[in-house]
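Tertiary structure, described
Chain by chain, the residues run as shown.
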Amino acid sequence: MAALGSTAGERAGGARTALEDRAVRLWLFFIAGLVLAMVTVGGATRLTDSGLSITEWQPILGAIPPLTDAHWQEAFAKYQEIPEYHLVNKGMTLEAFKAIYWWEWSHRFLGRMIGLAFALPLAVFWFMGALRPGYPLKLMGVLALGGLQGVIGWYMVKSGLVDRVDVSQYRLALHLTVAFLILALVLWLAFDLGIPESAAHRGGLATLPLLIVGGIFLQVVLGAFVASLKGGLVYNTWPSMGGALFPHDLLAIEPWYHNPFENPVMAQFNHRLIAYAVVALVAVEAWRMVSAQTGGARRFSAAVLVAGVLAQAALGIWTLLEAVPLGLGIAHQAGAAILLALAVRHLHVTSRR
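Here is a short report on the structure shown in this document. (Residues numbered from 1 in each chain as written. Predicted model: local features only at pLDDT ≥ 70, side-chain atom pairs only at ≥ 80, totals over all residues. Heavy atoms only, no water.)

What about the overall build of the protein chain?
Each helix and strand counted, the protein chain has 13 helices and zero strands in total. Reading the helices (α) and strands (β) of the protein chain from amino to carboxyl end gives α-α-α-α-α-α-α-α-α-α-α-α-α. For the protein chain, the C-alpha radius of gyration of 22 Å lies close to 20 Å, the compact-globule estimate for 353 residues. For the protein chain, the C-alpha atoms occupy an extent of roughly 65 × 55 × 35 Å along the three principal directions. Carbon together with sulfur atoms contributes 71% to the accessible area of the protein chain, which is approximately 16,900 Å² in total. Counting 24 positive and 20 negative side-chain charges, the protein chain places the centres of these two groups 12 Å from one another. (Helix = DSSP H or I, 4+ residues; strand = E, 2+ residues; numbered from the N terminus. Rg over C-alpha atoms; globule rule 2.2 N^0.38 Å. Areas by Shrake-Rupley, 256 points an atom, 1.4 Å probe, with all protein chains shown as cover. Lys, Arg positive; Asp, Glu negative; His and termini not counted. Charge placed at Lys NZ, Arg CZ, Asp CG, Glu CD.)

This is the structure:
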């Protein structure tokens, strides 16, 4: 590590080239693409109820799937010990178990691959002195957050192995939010590499674009509660909820303050409200960009953001009206990650240029 630090320090004085900045930037965009794939596969894992199919956490050996019939029978026997099997999937065949197992294994395997795809090039870039000043520490922070995400993932799965047939909605929300946070951080660091260092060090973030990013993060948290509580399967109507603006069972749980986190009706209601708020914020931002006659890059970024938020809102409504079929559910989760990327890009354009 000392050698890495000294090498980076020796070249911090300006020998780093634009080509090296470009290489690091492309690598970070590749990592962002992998994180997007991870979010997408995670959505499929949740929607197919596959998340509890692997009942152990083995960071190294777990990368190897069952290779023989005996190994498959052993994995299936472990699954048959948890409540989900007895209360939801009693009588499941081995072939059906393999289908859900592969989703969860793929999700975990992709997480391992992201860790390697991040750590190994980071070490090489650091050794070569190809990183901008401050980037080694920032990237090590993202790597540590990725490791923590793996722990959070197991913490989430563990909640569904005893006394319940699904994972805790609180832990699912934490897991999904951290995934989106990693995506945002990686993209921000990549965007900074596309501008001069002096501009990248400029302080302050544009207020309204920052609010939009914050609103999307809040929507991700609420979406996790909708997903975990099966809130997408109640009131499959729009714009009303069963013909009412405020459904009668919005506060069905006592005490009342449990409803946002335990009641699928309120979870969906809140998800709708924040969606409207995010759309409104983006519309105001687009109007602000046009009326102020700002630079073309900012106006174009705002226009793309408008298109993204409208597409995601339409996709969300479609998903709700169809009672969350697998394809639409996966697309909606992936769309949220893409919308966050567009919002982070707009925040960068309006703050750094």
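The discussion continues.
As for the nonpolar core
Among the nonpolar cores identified, the biggest contains 82 residues, and W27, L28, F97, F118, L139, F180 and L340 are the most heavily contacted of them. Sorting elements by how many residues they give to this core places helix α7 (residues 169-192) first, with 15 residues. Once residues within four sequence positions are removed from consideration, L28 is found in contact with F118, L139, V186, L189, A190 and L193. Core analysis: the second largest hydrophobic core is formed by six residues, Y235, L250, V265 and F269 among them. (Core = buried A, V, L, I, M, F, W, Y, C linked by side-chain atoms within 4.5 Å. Buried < 20%, exposed > 50% of the residue type's maximum accessible area, 1.4 Å probe, protein only. Contact = heavy atoms within 4.5 Å.)

Considering the side chain of Q268
Inspection of the secondary structure puts Q268 in helix α11 (residues 264-291). With a relative accessible area of 5%, Q268 lands in the buried category. There is a polar contact of 2.8 Å between the side chain of Q268 and the backbone oxygen of G231. At 2.5 Å, the side chain of Q268 and the backbone oxygen of V234 are in polar contact. Those residues in contact with Q268 that sit more than four places away from it in its chain are V226, G231, G232, V234, Y235, M241 and L320. (Polar contact = N/O pair within 3.5 Å; in protein donor to acceptor, adjacent residues only side chain to side chain.)

What to know about the environment of E104
Within the element layout of this structure, E104 appears in helix α5 (residues 94-128). Discounting residues that sit within four places of it in the chain, E104 has contacts with T45, S50, G51, S53, I54 and V157.

Brief notes about the packing of aromatic side chains
Inspection of the entire model under this criterion finds 20 aromatic pairs. Where Y79 meets Y85, the ring centres are 6.0 Å apart and the plane angle is 75°; that geometry is what we call edge-to-face. Judged by its relative accessible area of 0%, Y79 falls in the buried class. You can call Y85 buried: its relative accessible area is 8%. Considering the side-chain rings of W105 and F109, the 4.7 Å spacing of their centres and the 15° angle between planes classify their relative orientation as stacked. Linking W105 with F109, this pair stays in helix α5, spanning four residues, or about one helical turn. Since its relative accessible area comes to 13%, W105 is described here as buried. Taken together, the aromatic side chains of W72, F76, Y79, Y85, F97, Y101, W102, W105 and F109 make up a single cluster linked through ring pairs. The residue whose ring lies beneath R171 is Y155, and the NZ or CZ to ring-centre distance is 3.7 Å. (Phe/Tyr/Trp six-rings, centres within 6.5 Å; stacked < 30°, edge-to-face > 60°. Lys NZ or Arg CZ within 6 Å of the ring centre and 35° of its normal.)

Let's talk about a nonpolar patch on the surface
On the surface, W238, L273, Y276 and L321 cluster together into a nonpolar patch covering about 380 Å² of accessible area. Tracing the chain through its elements places Y276 in helix α11. Y276 sits in the partly exposed class, given a relative accessible area of 37%. (Patch = residues over 30% accessible without salt bridge, like charges linked within 9 Å, V, L, I, M, F, W, Y side chains within 5 Å. Salt bridge = Lys/Arg side-chain N within 4 Å of Asp/Glu carboxyl O.)

Remarks on the packing of helix α9 (residues 207-228) against helix α13 (residues 326-352)
Their axes nearest at 9 Å, the elements α9 and α13 cross at an angle of 160°. Relative to α13, α9 is oriented roughly antiparallel. In terms of crossing hand, the pair formed by α9 and α13 is left-handed. Here P209, L210, I212, V213, I216 and F217 of α9 come into contact with α13, specifically with L339, L340, A343, V344, H346, L347 and T350. Classifying every residue of the contact of α9 with α13 by side-chain character gives eleven nonpolar, two polar and no charged. (Axes fitted to C-alpha atoms, helices over the stretch in contact; angles between N-to-C directions. Parallel < 35°, antiparallel > 145°, perpendicular 65-115°, else oblique. Left-handed = near helix turned anticlockwise from the far one by under 90°. Nonpolar A, V, L, I, M, F, W, Y, C, P; charged D, E, K, R; others polar.)

Structural notes on the environment of T48
Along the chain, T48 falls in the loop between α2 (18-47) and α3 (69-79). Taking the C-alpha atoms as reference, T48 lies 20 Å from V162; in sequence the two are 114 residues apart. Ignoring sequence-local partners within four residues, the contact set of T48 consists of I100, W103 and L326. Only 2.7 Å separates the side chain of T48 from the backbone oxygen of A44, close enough to count as a polar contact.

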